[in-house]
Amino acid sequence: MVTINDIAARLGVSKSTVSKGLNNATDISEEMRKKILETAVELGYTNKRLLNREKKLCIIIENMDYNTPNQFGHDILLGFKQMAEPDGWTVDVVPMDKDFQRNIPYSVFMMQNGYRGGFILGFSLIDPWMSEFKSCKIPTVLYDNYISTNPRVASVGCDSQDGFDQAVKHLVKLGHEKIGLISGPLESYIVKARYNAYINALSKFNLELNDNYIGLGYYISDSTRDNVQRMYELGVTAIICSHDIRAISAITECMDKGIRIPEDMSIIGFDDLPMTAYTEPPLTTVRQDRTALGKAGYYAMSCLQNELPICSILLRAPLVVRSSTGPARTA
């Protein structure tokens with residue numbers, strides 16, 4: 001077990017100075033406090049005083065609405081808390097941005113606040129803390145991200161491949177042969193996973209894989225405007241979108257261009273947001289059970305807390321068929 005003596009010896013300072021740094025005393029410089037915390041993390045020090053005071057977990061969330069009921073983040077948080085709080089855990093929700101991550105390492109933040117584990121939502125591959133998850137020793141669960149090398153980090157999400165297989169199978173039964181994809185840029189694990197799932201699903205059903213049937217773009221309205229008409233003119237009869245918001249934008253773009261849904265173009269989304277049942281026409285989409293995802297996040301956290309090095313949990317993602325898909329148009 002690493003002790004305060006070990007940290008003091010490494011830094012060449014007194015035990016009292018180390019104690020002040022670990023306990024956020026005011027009569028110590030910020031530079032020294034930072035050195036003490038970073039050295040403590042490097043050596044694997046555990047602040048038992050903080051850990052024994054309260055059973056605390058945190059949900060760290062970025063780029064996701066969690067304050068409004070029925071929003072994606074809100075329901076995931078609800079599921080996690082429904083499992084964690086009856087087990088005696090206090091769960092803090094911490095909104096996050098990249099600037100904060102650049103100023104303090106993940107492990108230092110967790111140790112400083114006495115958190116025994118973190119559930120991470122909404123991170124992209126370019127978030128500064130993503131590289132730290134490869135080696136951190138704190139039980140950590142990532143939603144829609146994956147770290148392959150660290151037994152202290154687990155992943156939860158829905159099975160993108162299963163979802164895309166169901167979507168393509170549904171379209172094939174309706175006579176579609178040219179199926180497009182509209183997605184964001186490949187800068188997140190989940191967008192890459194859905195992009196690969198699309199390619200694999202086309203291959204599974206012996207459909208043409210054509211780069212011209214794929215549209216990637218940062219801005220949702222721009223990417224649908226740039227790609228819907230182009231794909232339609234190429235003979236694409238159905239488009240799968242990487243998430244529901246892009247699918248709803250594609251529906252709007254089709255209506256603006258006089259492309260009928262589903263007579264001229266079928267549209268499928270991914271997520272099953274509450275609004276998708278009320279679009280015009282109602283959107284066919286792959287459903288993610290958001291509350292169940294939160295519960296799965298806590299289950300994975302519990303496994304890690306008990307030193308069971310679970311890798312990933314993928315929930316089934318059923319296809320919800322509504323009126324935005326129909327038989328393929330004929331030439």
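Refer to the preceding data block for the structure.
Residues numbered from 1 in each chain as written. Predicted model: local features only at pLDDT ≥ 70, side-chain atom pairs only at ≥ 80, totals over all residues. Heavy atoms only, no water.

**Here we look at the packing of aromatic side chains**
For any pair of aromatic rings, geometry is given as the distance between the ring centres together with the angle between the planes. Across all of its chains, the model carries twelve aromatic pairs by this definition. An angle of 40 degrees between the planes, with centres 6.2 Å apart, marks the rings of Phe72 and Tyr143 as tilted. Pair noted here: Phe72 is in helix H5 (residues 72-84) and Tyr143 is in strand E4 (residues 140-143), with a separation of 71 residues, a long-range link. In this structure Tyr143 comes out as buried when scored by relative accessible area, which is 5%. Here the basic side chain of Lys55 rests over the ring of Trp89, its NZ or CZ set 4.6 Å away from the ring centre. A cation sits over an aromatic face here: Arg194 above Phe270, 3.9 Å from the ring centre. (Phe/Tyr/Trp six-rings, centres within 6.5 Å; stacked < 30°, edge-to-face > 60°. Helix = DSSP H or I, 4+ residues; strand = E, 2+ residues; numbered from the N terminus. Buried < 20%, exposed > 50% of the residue type's maximum accessible area, 1.4 Å probe, protein only. Lys NZ or Arg CZ within 6 Å of the ring centre and 35° of its normal.)

**Quick notes on the sheet that holds strand E10 (residues 284-287)**
Taking strand neighbours across the sheet as the criterion, the six strands line up as E7-E6-E8-E9-E10-E12 in an open arrangement whose pairing is mixed. The sheet is open, and its two edges are formed by strand E7 (214-216) and strand E12 (319-320), each paired on a single side. Note: strand E9 (residues 266-271) against E10, four bridges, orientation parallel. Counted as the bridge partner of Asp271 is Arg287 from E10. On top of the sheet, helix H11 (residues 244-257) reaches strand E6 (179-183), strand E8 (238-241), E9 and E10; it is set at about 160 degrees to E9, its chief contact. (Pairing = 2+ DSSP bridges. Contact = heavy atoms within 4.5 Å. Axes fitted to C-alpha atoms, helices over the stretch in contact; angles between N-to-C directions.)

**Here we look at the nonpolar core**
Across soluble globular proteins, you tend to see nonpolar side chains buried next to one another. Ranked by internal contacts, the top residues of the largest apolar core, which has 65 residues, are Phe119, Leu121, Tyr143, Ile179, Ile239 and Ile267. In terms of residue count, the dominant contributor to this core is helix H12 (residues 290-305) (seven residues). Setting aside its immediate chain neighbours within four residues, Ile239 contacts Gly180, Ile182, Val228, Met231, Met265, Ser266, Ile267 and Ile268. (Core = buried A, V, L, I, M, F, W, Y, C linked by side-chain atoms within 4.5 Å.)

**Topic: the packing of helix H2 (residues 15-22) against helix H3 (residues 30-43)**
Running from N to C, H2 and H3 point in directions that differ by 90 degrees, and their axes come no closer than 8 Å. As the angle between them shows, H2 and H3 are arranged roughly perpendicular. The segment H2 lies against H3, with Thr17, Val18, Gly21 and Leu22 engaging Met32, Arg33, Ile36, Leu37 and Ala40. Classifying every residue of the contact of H2 with H3 gives six nonpolar, two polar and one charged. (Parallel < 35°, antiparallel > 145°, perpendicular 65-115°, else oblique. Nonpolar A, V, L, I, M, F, W, Y, C, P; charged D, E, K, R; others polar.)

**Quick look at the layout of surface pockets**
Within this model, the largest pocket holds a volume of roughly 960 Å³. Forming the boundary of the largest pocket are 34 residues, of which Asn63, Met64, Ile190, Val191 and His243 lie nearest the centre. Mapped onto the lining of the largest pocket, the elements with two or more residues apiece are H5, helix H9 (189-204) and H11. Examining the composition of the lining of the largest pocket, we find that four residues originate from one element, H9, more than from any other. (1 Å grid on protein atoms, 1.4 Å probe; cavity = no way out; pocket = protein on both sides within 12 Å on 5 of 7 lines; lining within 4 Å. Points joined across faces, edges and corners; volume = space filled by probe spheres on them.)

**Remarks on the pattern of salt bridges**
Taken as a whole and assessed by the stated rule, the structure comprises 14 salt bridges. Salt-bridge contacts for Arg102 lead to Asp99; the nearest nitrogen and oxygen are separated by 2.7 Å. Taken as a pair, Arg102 and Asp99 lie in helix H6 (residues 98-103) at a separation of three residues, close to a single helical turn. The class for Arg102 is exposed, based on a relative accessible area of 54%. When its relative accessible area of 49% is taken as the criterion, Asp99 is described as partly exposed. Of the charged contacts in the structure, one is a salt bridge between Asp222 and Arg225, with a shortest N-O distance of 2.8 Å. Here Asp222 pairs with Arg225, and both are found in helix H10 (residues 220-233), just three residues apart, close to one helical turn. When its relative accessible area of 41% is taken as the criterion, Arg225 is described as partly exposed. One salt-bridge network, held together by shared partners, links Glu62, Lys98 and Asp127. (Salt bridge = Lys/Arg side-chain N within 4 Å of Asp/Glu carboxyl O.)

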